[in-house]
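Below, each chain spelled out in residue letters.
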Amino acid sequence: MLAEIKNVSKTHESNGNTIQALDNINFSVEDNDFICIVGPSGCGKSTLLRIIVGLERPTSGEVLFKGEPISTDNPKVAMVFQNFALFPWLNVTENIELVLEPLELRGKKAENKACKYIKAVGLDGFEKVYPRELSGGMKQRVGFARALAVEPVLLCMDEPFSSLDALTSQNLKDELLMLWADTSMPPDAVIMVTHNIEEAVYMANRIIILSPRPGKVVADLRIGLERPRNRKDPEFYRWVDKVYSLIV
């Protein structure tokens, strides 16, 4: 078992009011899981993901990674953000090398590691280019390369395709699935937040559905579809309809 989310609840204080975002969330993450978390807007999906990677603390409950409490400096858990989160004054290679510094990888070793994952995401030739010169899809490829460069066991992603055009989004999804399926490449498991039900059914082998706020686990579905998945297959749409029916 890679990770356990145990009895996680989260409340926020706002103008003297207490708002409960999450209520008693429980599930585990196994090797080779590709989990998508879906639910209505405002149900706490992104909050839950930040708690899983250690960027926020739960009000109660805990997140364990390989039996130990999760910490923000755990290099085996990486995050891909919706808004790319690249430093504009650093080029592609430098943006990736930055996350390698805590691992004490510098100089030629860091450059070689960065170049390996730049090539893995299809950006070879753009090593010295700055973010302002990249398209949205290319910026997100840098985000993937940066997350993969620490060679995480668990990769977490917060709506990573939502700001991309349809063709770029689909290409990146397929490339990410190929990387995930390659046993010689990280990660071992993926957790992705998405509002797109078809995207979840296309990518995930498990879909966790949250209720309206406060978010509770309504269902944990194992998607019984062979890969590669065909969106025109009637069985694909039966799964899409099932997920929709559980989101209230």
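Enquirer: Tell me about the overall build of the protein, and name the residues and values.
Expert: When its secondary structure is counted, the protein shows 7 helices and 10 strands. The C-alpha atoms of the protein give a radius of gyration of 18 Å, which matches the 18 Å a tight globule of 248 residues would have. Along the longest, intermediate and shortest principal axes, the C-alpha atoms of the protein span 50 × 45 × 35 Å. The buried share among the 248 residues of the protein stands at 50%. Of all intrachain contacts in the protein linking residues separated by at least 6 positions in sequence, the fraction that spans at least 24 positions is 69%. Looking at the protein as shown, the accessible area adds up to about 11900 Å², and 49% of this sits on carbon and sulfur atoms. If the 29 positive side-chain charges of the protein are averaged to one point and the 33 negative ones to another, these points end up 1 Å apart.

Enquirer: Quick one: what's the story with helix H7 (residues 234-246), residue by residue and with numbers?
Expert: For H7, built from 13 residues, the straight-helix expectation of 18 Å at 1.5 Å per residue is met to within 8% by its first-to-last C-alpha distance of 19 Å. Tucked inside the fold, the buried residues of H7 contact strand E3 (34-38), helix H6 (197-203), strand E9 (206-210) and strand E10 (217-222). Of the residues flanking the start of H7, the one acting as N-cap is aspartate 233, its side-chain oxygen 2.9 Å from the backbone nitrogen of glutamate 235.

Enquirer: How would you sum up the environment of glutamate 13? Please name residues and give values.
Expert: Structurally, the position occupied by glutamate 13 is in strand E1 (residues 3-14). Taking the relative accessible area as the measure of exposure, glutamate 13 reaches 61% and is therefore exposed. A distance of 2.9 Å separates the side chain of glutamate 13 from the side chain of threonine 18, its partner in a polar contact.

Enquirer: Would you mind going over the sheet that holds E1 in detail, with residue names and values included?
Expert: Taken together, the 4 strands give an open sheet; going across it, the order is E2-E1-E4-E5, and neighbouring strands pair in antiparallel fashion. In this open sheet, the two strands that pair with only one neighbour each are strand E2 (17-29) and strand E5 (68-69). In terms of strand pairing, E1 meets strand E4 (residues 60-65) through 5 bridges, oriented antiparallel. The partner of glutamate 4 across the bridge, within E4, is leucine 64.

Enquirer: Explain the state of the cysteines residue by residue, including any values.
Expert: This structure, assessed with the given rule, holds 0 disulfides. Cysteine 156 forms no disulfide, and the closest cysteine sulfur to it belongs to cysteine 36, at a distance of 12 Å. We classify cysteine 156 as buried; its relative accessible area is 0%.

Enquirer: Can you tell me about the pattern of salt bridges, naming the residues and giving the values?
Expert: According to the stated counting rule, one finds 11 salt bridges in the structure shown. In this structure, lysine 216 and aspartate 23 form a salt bridge, with 3.5 Å as the shortest nitrogen-oxygen distance. Here aspartate 23 lies in strand E2 and lysine 216 lies in the loop between E9 and E10, a separation of 193 residues in the sequence. Take lysine 216: its relative accessible area is 41%, and that puts it in the partly exposed class. Among the salt bridges present, the one from aspartate 220 reaches arginine 206, with a minimum N-O distance of 2.6 Å. Of this pair, aspartate 220 sits in strand E10 while arginine 206 sits in strand E9, and the two are 14 residues apart along the sequence.

Enquirer: Hey, could you go over the pairing of strand E6 (residues 77-80) for me, with residue numbers and the actual values?
Expert: Side chains of E6 alternate between two faces, with Val77 and Met79 and Ala78 and Val80 buried alike. Relative to strand E7 (residues 154-158), E6 runs parallel, the two sharing 4 bridges. Across the sheet, residue methionine 79 finds its bridge partner in E7, namely cysteine 156.

Enquirer: Explain the nonpolar core residue by residue, including any values.
Expert: With 55 residues, the main nonpolar core has Phe34, Leu155, Met157, Val201 and Ile207 as its most contacted residues. In terms of residue count, helix H4 (residues 136-149) provides more of this core than any other element does, 7 residues in total. Apart from residues no more than four positions distant in its own chain, methionine 157 is found in contact with Phe34, Leu49, Val80, Phe144, Leu176, Val190, Ile191, Met192 and Val193. Counting 30 residues, the second-largest nonpolar core is a separate cluster that includes Ile25, Leu49, Phe65 and Ala189.

Analysis parameters
- Residues numbered from 1 in each chain as written.
- Predicted model: local features only at pLDDT ≥ 70, side-chain atom pairs only at ≥ 80, totals over all residues.
- Heavy atoms only, no water.
- Helix = DSSP H or I, 4+ residues; strand = E, 2+ residues; numbered from the N terminus.
- Rg over C-alpha atoms; globule rule 2.2 N^0.38 Å.
- Buried < 20%, exposed > 50% of the residue type's maximum accessible area, 1.4 Å probe, protein only.
- Contact = heavy atoms within 4.5 Å.
- Areas by Shrake-Rupley, 256 points an atom, 1.4 Å probe, with all protein chains shown as cover.
- Lys, Arg positive; Asp, Glu negative; His and termini not counted.
- Charge placed at Lys NZ, Arg CZ, Asp CG, Glu CD.
- Expected span 1.5 Å × (residues − 1).
- Polar contact = N/O pair within 3.5 Å; in protein donor to acceptor, adjacent residues only side chain to side chain.
- Pairing = 2+ DSSP bridges.
- Disulfide = S-S within 2.5 Å.
- Salt bridge = Lys/Arg side-chain N within 4 Å of Asp/Glu carboxyl O.
- Core = buried A, V, L, I, M, F, W, Y, C linked by side-chain atoms within 4.5 Å.

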